[in-house]
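# Descriptive analysis of the structure
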Amino acid sequence: MNEALWFLSRATGIASIALLTAVVVLGVVTSGRRRPHGESATVVMAVHRWLSLGMLSFLTVHVATAVVETYVSIDWVSVLVPFTSGYETFWVGLGTLAVDLLVAVSVTSWLRHRISERAWRAVHYATYALWPMALVHGFVLGTASQAGLRAVTAACGVVGVGAVLWRLLSTHADRTRRDAVLGGEWS
Ligand code: HEM
């Protein structure tokens, strides 16, 4: 039974980081100047929401099985209070911090129409902190003997960083072009 829980914890950990990365990438490419408009924006936003619900479900199983399985000692308090785990205190703590920020991002998104756009956006930017924390947590705690699983986590890192760089560079390119046009107009 314990071995099954351990495998389930690892499998759902991998599923969580892969889905979290997909949600972040969709969020990154659908914001900023080059975001889709009209019908495709609605579809992309719906996928963004449904994937995050799927991710939260896998993450709940990952955390619950990590606490229940007895190979490592992790108490329920470590699910929300960072750096209290008896096992790998710092690396599990990063996972806990990611969960805390994820709860804040999820709750403010559910309450989006009741809070100011500014407050919602400020909390949503916490994603740029929680994703790398979850990634490092998963990569460091990943089983060294299962390189394939670690490769999935590493690939999530490459895809996520690529999306953020694309967003930053495309915004920069647009700004440069706009400044050139404005510069041209006035000189
Ligand atoms: C957004 C939050 C989190 C994500 C995306 C995540 C993802 C992952 C991933 C990808 C792994 C490596 C799996 C492998 O390669 O075998 C992992 C391992 C692990 N995670 Fe998480 N995790 C998160 C939060 C947490 C939390 C809050 C806890 C505990 C309270 C936790 C406990 C563990 C443990 C104990 C391991 C190592 C597995 C073991 O040795 O049994 N994780 N996690």
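Model, not experiment: these values are computed from the prediction. Sequence order as written defines the numbering, with residues in each chain counted from 1. Reporting in this predicted model follows two pLDDT cut-offs: at least 70 for local features of residues, and 80 or more for side-chain atom pairs to be given and counted; totals over whole chains, interfaces and linings ignore these cut-offs and use all residues. Only hydrogens and water are removed before side-chain values are computed, so all heavy atoms of the structure are retained for them.

## Points about the site of the ligand
Formally: A molecule or strand has a residue near it when one of that residue's heavy atoms lies within 4 Å. As used in this structure description, the phrase polar contact means that two N or O atoms lie within 3.5 Å; if the pair is within protein, one of them must be able to donate a hydrogen and the other to accept it, and residues adjacent in sequence are counted only when both atoms belong to side chains. Counting from the N terminus, the helices are the DSSP runs of H or I reaching at least four residues and the strands are the DSSP runs of E reaching at least two. When residue character is reported, Ala, Val, Leu, Ile, Met, Phe, Trp, Tyr, Cys and Pro are called nonpolar, Asp, Glu, Lys and Arg charged, and the others, Gly included, polar.
Near the ligand, the surroundings consist of 27 residues, among which R10, H62, E69, Y87 and H137 are the closest. In this structure, an oxygen atom belonging to the ligand sits 3.2 Å away from a side-chain N or O atom of Y87. Within the side chain of H137, a nitrogen or oxygen atom sits 2.8 Å from a nitrogen atom of the ligand. Counting residues per element, the ones that place at least two in the shell around the ligand are α1 (2-29), α2 (38-68), α3 (89-110) and α5 (127-141). Residue classes in the shell around the ligand are distributed as 15 nonpolar, 10 polar and 2 charged.

## Details of a nonpolar patch on the surface
Threshold: To count toward a patch, a residue needs a relative accessible area over 30% and no salt bridge; like charges are then connected within 9 Å, while nonpolar side chains (Val, Leu, Ile, Met, Phe, Trp, Tyr) are connected within 5 Å. All accessible areas in this document rest on Shrake-Rupley with a 1.4 Å probe, and a residue is counted as covered only by the protein chains that are shown. By definition here, a salt bridge exists when the distance from a side-chain nitrogen of Lys or Arg to a carboxyl oxygen of Asp or Glu is within 4 Å. Accessibility here uses a 1.4 Å probe with only protein chains present; expressed as a share of the type maximum, an area under 20% marks a residue as buried, one over 50% as exposed, and anything in between as partly exposed.
A surface patch of nonpolar side chains, about 880 Å² in accessible area, is lined by W50, L53, V77, L80, V81, V103, V107, W110 and L111. In terms of residues, the nonpolar patch owes the most to one element, α3, which gives 3 residues. With respect to the element layout, W50 can be found in helix α2. You can call W50 exposed: its relative accessible area is 63%.

## Examining the packing of α2 against α3
Note the following rule: What counts as an axis is a line fitted to C-alpha atoms, over the stretch in contact for a helix, and the angles between N-to-C directions run from 0 to 180 degrees. Each crossing gets its hand from how the near helix is turned against the far one by less than a right angle, where anticlockwise is left-handed and clockwise is right-handed. Should any heavy atoms of two residues lie within 4.5 Å, those residues are counted as being in contact.
With their axes 12 Å apart at the nearest point, α2 and α3 run at an angle of 145° to one another. Note on packing geometry: the crossing formed by α2 with α3 is left-handed. Along the contact surface, α2 presents L53, M55, L56, L59 and V63, while α3 presents V99, L102, S106 and W110. A per-class count over the contact of α2 with α3 returns 8 nonpolar, 1 polar and no charged.

## Some thoughts on α5
Defined as follows: By this rule the span expected of a helix is its residue count minus one, scaled by 1.5 Å. The directions from the helix axis to the C-beta atoms are what the arc is built from.
Given a rise of 1.5 Å per residue, 15 residues ought to cover 21 Å, and the 21 Å separating the end C-alpha atoms of α5 matches this to within 8%. Along α5, the positions that sit buried rather than exposed are T127, L130, W131, A134, L135, H137 and L141. Down the axis, α5 shows its buried residues gathered within 165° of arc, on one side only.

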